[in-house]
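# Structural features, examined
Read off the chains here:
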Amino acid sequence: MRTIGVFDSGVGGVSVLKEILKEFPYDNIIYFGDSLHAPYGDREIEEIRTLCLKVSDFLVYKKNVDALVIACNTATGAAMDIMTNKYSIPVVGVVENGVKEAIKLTKNKRLGVIATPATIKMNIYSKSFYALDKSISVYQVQCPLFVRMIEEGWNDNLESDNLVKEYITQLPKEVDTLVLGCTHYPLIEKYIKRYFKGTIVDPAKQTAKSLKNMIGEGEYSKSPKIDFFVSGDCDKFKKIAQEFLGTRIDSIEKTIL
């Protein structure tokens with residue numbers, strides 16, 4: 001039976017995991033949430049790259065995964081090229097898949113991206129959009145506080161609502177399609193929808209489909225399993241992940257690399 005490795009800087013990657021589970025119901029999954037070092041998006045690029053490679057080496061060399069999903073936009077921008085060249089297994093990231101879907105859905109070619117400071121600094125979304133269509137206009141907004149608040153457990157109150165409003169209203173009104181440029185953000189999509197009324201793209205779905213195109217469907221199995229490894233607070237991760245996945249997580253192993 002195959003094993004698919006999925007990793008993120010914390011709990012946000014469960015938005016990708018949820019879609020992976022739909023496409024690969026018969027494969028084993030190993031999820032690594034590096035919440036001890038979250039958010040990656042506030043760190044320097046070289047530091048992010050080092051953290052990513054520690055996690056990917058763990059999944060590839062210690063857990064012998066057959067495919068690797070970088071369930072983090074910042075990590076995709078910082079380390080995907082290196083991982084693709086380093087490992088002999090398929091490696092899939094989230095950025096390109098979100099870009100392709102947004103281009104397909106936009107009607108006026110005015111696209112928005114909300115992401116972490118590091119993702120915006122690397123300019124990976126603008127580069128990816130313009131590589132496919134130079135006539136597109138891309139508007140990016142940094143959302144530096146979202147990840148920390150989601151990792152702590154999002155509270156729907158006046159403070160968080162004002163924060164969402166502050167970030168989303170920075171986008172020009174003509175933007176008709178918004179890419180959630182961080183895998184944490186789908187966890188608060190319903191709050192984002194209060195202030196953005198256009199089309200919202202969650203790259204997770206297309207990422208899972210992209211991996212399926214690469215490796216195909218797994219062989220039938222009655223007993224696929226999901227193993228969780230978390231470098232930070234396991235109880236906090238478990239509570240948020242269970243709520244989003246809609247399923248019980250029986251065990252999580254704390255692992256600091």
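Figured I'd write up the structure that's included with this text. Predicted, not measured: the structure shown is a model, and the values here were computed from it. Each chain has its residues counted from 1, running along the sequence as written. At least 70 in pLDDT is required for a residue's local features to be given in this predicted model, at least 80 for side-chain atom pairs to be given and counted, and no such filter applies to totals for whole chains, interfaces and linings, which use all residues. Neither water nor hydrogens contribute to the side-chain values; these are computed over all heavy atoms in the structure.

We now examine the packing of aromatic side chains. Centres within 6.5 Å make a pair out of two Phe, Tyr or Trp rings, where for Trp the six-membered ring is used; the pair is then stacked when the planes are under 30 degrees apart, edge-to-face when over 60, and tilted otherwise. Here the structure, examined in full by the defined rule, presents 12 aromatic pairs. Judged by centre distance (5.7 Å) and plane angle (45 degrees), the rings of Y31 and F237 are tilted. Taken as a pair, Y31 in strand β2 (residues 28-33) and F237 in helix α11 (residues 234-245) lie far apart in primary sequence, 206 residues in all. F237 matches Y31 in its accessibility class, with the two residues each being buried. Considering the side-chain rings of F146 and Y167, the 4.9 Å spacing of their centres and the 80 degrees angle between planes classify their relative orientation as edge-to-face. Taken together, the positions of F146 in helix α7 (residues 146-152) and Y167 in helix α8 (residues 158-168) put the pair 21 residues apart, joining distant regions of the chain. Each member of the pair F146 and Y167 is classed as buried. Here a set of aromatic residues connected by ring pairs shows up, and it is made of F146, W154, Y167, Y185 and Y191. Both a distance and an angle decide whether a charge sits over a ring: NZ of Lys or CZ of Arg must be within 6 Å of the ring centre and within 35 degrees of the ring normal. Sitting over the ring of F244, K18 keeps its end group 4.8 Å from the ring centre. A run of H or I in DSSP becomes a helix once it reaches four residues, and a run of E becomes a strand once it reaches two; helices and strands are each numbered from the N terminus. Note on classification: 1.4 Å probe, protein chains only; a residue is buried when its accessible area is under 20% of the maximum for its type, exposed when over 50%, partly exposed between these limits.

The terminal C-alpha atoms of α11 lie 16 Å apart, and with 12 residues this matches the ideal 16 Å at 1.5 Å per residue to within 8%. Those residues of α11 lying buried are C234, F237, I240, A241 and L245. Down the axis of α11, the smallest arc covering the buried residues is 140 degrees, so these residues share one side. The exposed residues of α11 that point more than 90 degrees off its buried face are D235, K239 and E243. Only heavy atoms matter for contacts: two residues are in contact if any of them lie within 4.5 Å across the pair. The elements touched by buried residues of α11 are α1 (14-23), β2, α7, β9 (226-230) and β10 (252-254). Polar contacts here mean pairs of N or O atoms no more than 3.5 Å apart (in protein, one a potential hydrogen donor and the other a potential acceptor; neighbouring residues in sequence count only if both atoms are side-chain atoms). The N-capping residue of α11, defined by a side-chain oxygen 3.1 Å from the backbone nitrogen of D235, is D233. Looking one or two places after α11, you find G246, whose phi comes out positive at around 75 degrees. Each helix should span, by expectation, one fewer than its residue count multiplied by 1.5 Å. By definition, the arc is the one covered by directions from the helix axis to the C-beta atoms.

The quantities given are spatial measurements derived from coordinates; they are silent on function.
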